[in-house]
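# Notes for the structure review
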Amino acid sequence: MYLRLTDEQKMVQKTIRRFVEKELIPLENDVLRNEREGKPSLPASKLKELQFKAKEAGFWGINTPEEYGGADLGQMMMAIVLMEVSKTFVPFHFGGGADNILYYGNEEQKKKYLIPTINGEKKSCFAMTEPGAGSDTRNIKMTAVKDGSEWVLNGEKTFITGGNEADFVMAIAITDKERHQSTQGREGVTCFIVDRDMGWKSEYIHTMGEWGPAGLVFDNVRVPEENILGELHKGYNLGLEWIGFARWVVGARAVGAAERLLQMAIDYAKERVTFGKPIAERQAIQWQIADSAVEIEAARWLVLNAAFTLDHGEDNRHVASMAKLYGANMGNNVVDRVLQIHGGMGYTRELPIERWYREARLWRIYDGTDEIQRMIIARNLIKGHVKIGQFV
Ligand SMILES: Cc1cc2nc3c(=O)[nH]c(=O)nc-3n(C[C@H](O)[C@H](O)[C@H](O)COP(=O)(O)OP(=O)(O)OC[C@H]3O[C@@H](n4cnc5c(N)ncnc54)[C@H](O)[C@@H]3O)c2cc1C
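Everything in this summary refers to the structure shown in the same document. Worth saying up front: this structure is predicted, and the values here are computed from it rather than measured.

About the criteria used
Residues numbered from 1 in each chain as written. Predicted model: local features only at pLDDT ≥ 70, side-chain atom pairs only at ≥ 80, totals over all residues. Heavy atoms only, no water. Near = heavy atom within 4 Å. Polar contact = N/O pair within 3.5 Å; in protein donor to acceptor, adjacent residues only side chain to side chain. Helix = DSSP H or I, 4+ residues; strand = E, 2+ residues; numbered from the N terminus. Nonpolar A, V, L, I, M, F, W, Y, C, P; charged D, E, K, R; others polar. Expected span 1.5 Å × (residues − 1). Buried < 20%, exposed > 50% of the residue type's maximum accessible area, 1.4 Å probe, protein only. Pairing = 2+ DSSP bridges. Phe/Tyr/Trp six-rings, centres within 6.5 Å; stacked < 30°, edge-to-face > 60°. Core = buried A, V, L, I, M, F, W, Y, C linked by side-chain atoms within 4.5 Å. Contact = heavy atoms within 4.5 Å. Salt bridge = Lys/Arg side-chain N within 4 Å of Asp/Glu carboxyl O. Axes fitted to C-alpha atoms, helices over the stretch in contact; angles between N-to-C directions. Parallel < 35°, antiparallel > 145°, perpendicular 65-115°, else oblique. Left-handed = near helix turned anticlockwise from the far one by under 90°.

## Points about the site of the ligand
Close contacts around the ligand come from 18 residues, with T129, S135, F159, T369 and E371 the closest. Here an oxygen atom of the ligand sits 2.9 Å away from a polar atom, N or O, in the main chain of M128. At 2.6 Å from an oxygen atom of the ligand is found a side-chain nitrogen or oxygen belonging to T369. Listing elements by their share of the shell around the ligand, those giving two or more residues are β1 (124-127), β3 (150-160) and α12 (370-382). Of the residues in the shell around the ligand, the class split is 11 nonpolar, 5 polar and 2 charged.

And the structure:
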């Protein structure tokens, strides 16, 4: 066991750090201004330009298999990259990637959806949540009924990330009501790839954060049989796989953001003088800094463990839930303390702390709430699926 990054990992970390400092952090004021004016945080053309710059530096398709032109660096490297890139709130993501479940497509679907998504020519979104079914995904109501060689989809989805911009959605719908009921939702649902021009509509949902998810409406949307992703009636597992990947990623994002925020608090505390001394010399401030630093380190190791476990072909769901639960809460604790240390300035829009504060609140909700992560962790232990301390 060697608890340090390898030379290759350190090199990647350093390169991404330079990219963030040189290309992304200088855009922060523009992002804040755009958002205040109700414009997209980062124009699509600027995002593309940045993605090509990253490509020139060798960062394209970080997790994408080499046969699709990606770097296939693995989950551990992905975690390291995400922790670096999350040190800014500029909403950048590397190009050359696609949703993990699109790789289950057949050759035709790969040509039509996977490859254009990897190349940035098409945008995707994933839709499981409905107005009556969030945590309890078994309660979805959207139906798909076979009519000749097509399926007719009816129902509503809500809070769909990227749903306003997507060219196609991977939507989960009930295809066999009885099977759905008798298996408590595990079977009888299917994942359909549905192009926007097949007829679904999207509507922007205003949230506390800076990017709005969408509500989607399917009113007799006809989808050809060949647009079933994976197996008929077996879409639930695809849904779990999509959500599962997103979980530890939330923890990684929280670590990156918290590191930057804590540094801001340390710098400010050394400069801000009250009652004749910098506030950094007060124990009340020092303890907030110390607690934040300890929690960041704990979250980092949980995230790295979740990524390491996946890279080694093991089931990482238990540790991914731990990384998500702890990381999301750590991020919220740290941003709150950092805002407090900045006093009134922390609450203003002159600094990005309030923006991060609003974004961080989401981390405890999407991709499985705190309560759902706790439920999973406790159930695994009580039922004996996982032993305490198993993942070392
Ligand atoms: C900005 C944003 C983006 C999103 N992106 C997507 C997306 O791209 N695709 C997608 O499909 N979904 C997406 N979601 C949906 C998200 O995953 C759900 O909002 C989340 O899973 C919670 O579901 P809910 O909102 O229906 O809350 P509910 O499930 O109604 O829960 C309400 C409260 O009850 C608690 N609760 C529920 N059940 C239990 C229980 N058994 N025990 C204890 N407490 C419980 C919850 O933790 C929560 O506190 C997104 C949500 C947001 C806000």
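Structure's up, so let's keep going.
## Looking at helix α9 (residues 317-341)
If you check α9, its first and last C-alpha atoms are 36 Å apart, about what 25 residues at 1.5 Å a residue would give, namely 36 Å. Note on α9: the residue one or two positions beyond its end, G343, has a positive phi of about 55 degrees.

## Some remarks on the pairing of strand β5 (residues 189-195)
Along β5, 7 of the 7 residues are buried, which leaves the element largely enclosed by surrounding structure. Side-chain alternation along β5 places V189, C191, I193 and D195 on one buried face and T190, F192 and V194 on a second face that is also buried. Bridging between strand β4 (residues 168-174) and β5 involves 7 bridges; their strand directions are antiparallel. Note on β5: the bridge partner recorded for I174 is V189. The sheet contact formed by β5 and strand β8 (residues 228-229) spans 2 bridges and is antiparallel. By the bridge assignment for β8, C191 is matched with L229.

## A word on the packing of aromatic side chains
Evaluation of the coordinates by the stated rule reveals 12 aromatic pairs. Ring geometry for F59 and F94: centres 6.1 Å apart, planes at 50 degrees, overall tilted. Highlighted residues: F59 in the loop between α3 (44-56) and α4 (75-85) and F94 in the loop between α4 and α5 (107-118), separated in sequence by 35 residues. F94 matches F59 in its accessibility class, with the two residues each being buried.

## Concerning the nonpolar core
Residues L24, F92, F94, W248, V303 and M330 are the most contacted members of the largest nonpolar core, which totals 67 residues. At the level of secondary structure, the elements contributing two or more residues to this core comprise α1 (7-24), α2 (28-36), α3, α4, α7 (235-271), α8 (283-311), α9 and α11 (353-363). Ranked by the residues each element gives to this core, the list is headed by α7, at 14 residues. Among all residues touching M330, those that are not within four sequence positions of it are A254, V255, A258, E295, I296 and A299. Counting 21 residues, the second-largest nonpolar core is a separate cluster that includes Y68, I118, I172 and L238.

## Some details on α11
Here α11 has its buried residues at I353, E354, R355, W356, R358, A360 and W363. At its buried positions, α11 is contacted by α2, α7, α9 and α10 (343-347).

## Focus: the pattern of salt bridges
Inspection of the entire model under this criterion finds 28 salt bridges. Note that E359 and R355 form a salt bridge whose closest N and O atoms lie 2.9 Å from each other. One end of the pair, E359, and the other, R355, are both in helix α11, 4 residues apart, so they sit about a helical turn from each other. In this structure R355 comes out as buried when scored by relative accessible area, which is 6%.

## What about the side chain of D370?
Inspection of the secondary structure puts D370 in helix α12. Looking at D370, the relative accessible area reads 2%, which means it is buried. Polar contacts involving the side chain of D370 include one to the side chain of N329, which spans 3.3 Å. With near-sequence residues (within four places) excluded, D370 lies in contact with L325, N329 and R364.

## Thoughts on the packing of α7 against α8
A pair of packed helices is characterised by two quantities: the angle between their axes and the separation of those axes. At a minimum axis separation of 9 Å, α7 and α8 run at an interaxial angle of 155 degrees. By the criterion of interaxial angle, the relationship of α7 to α8 is roughly antiparallel. Crossing of α7 against α8: the hand is left-handed. Touching W248, G251, A252, V255, A258, E259, L262, I266 and A269 of α7 are I285, I289, S292, A293, I296, A299, R300, V303, A306, A307 and L310, all from α8. Taken together, the residues of the contact of α7 with α8 sort by class into 16 nonpolar, 2 polar and 2 charged.

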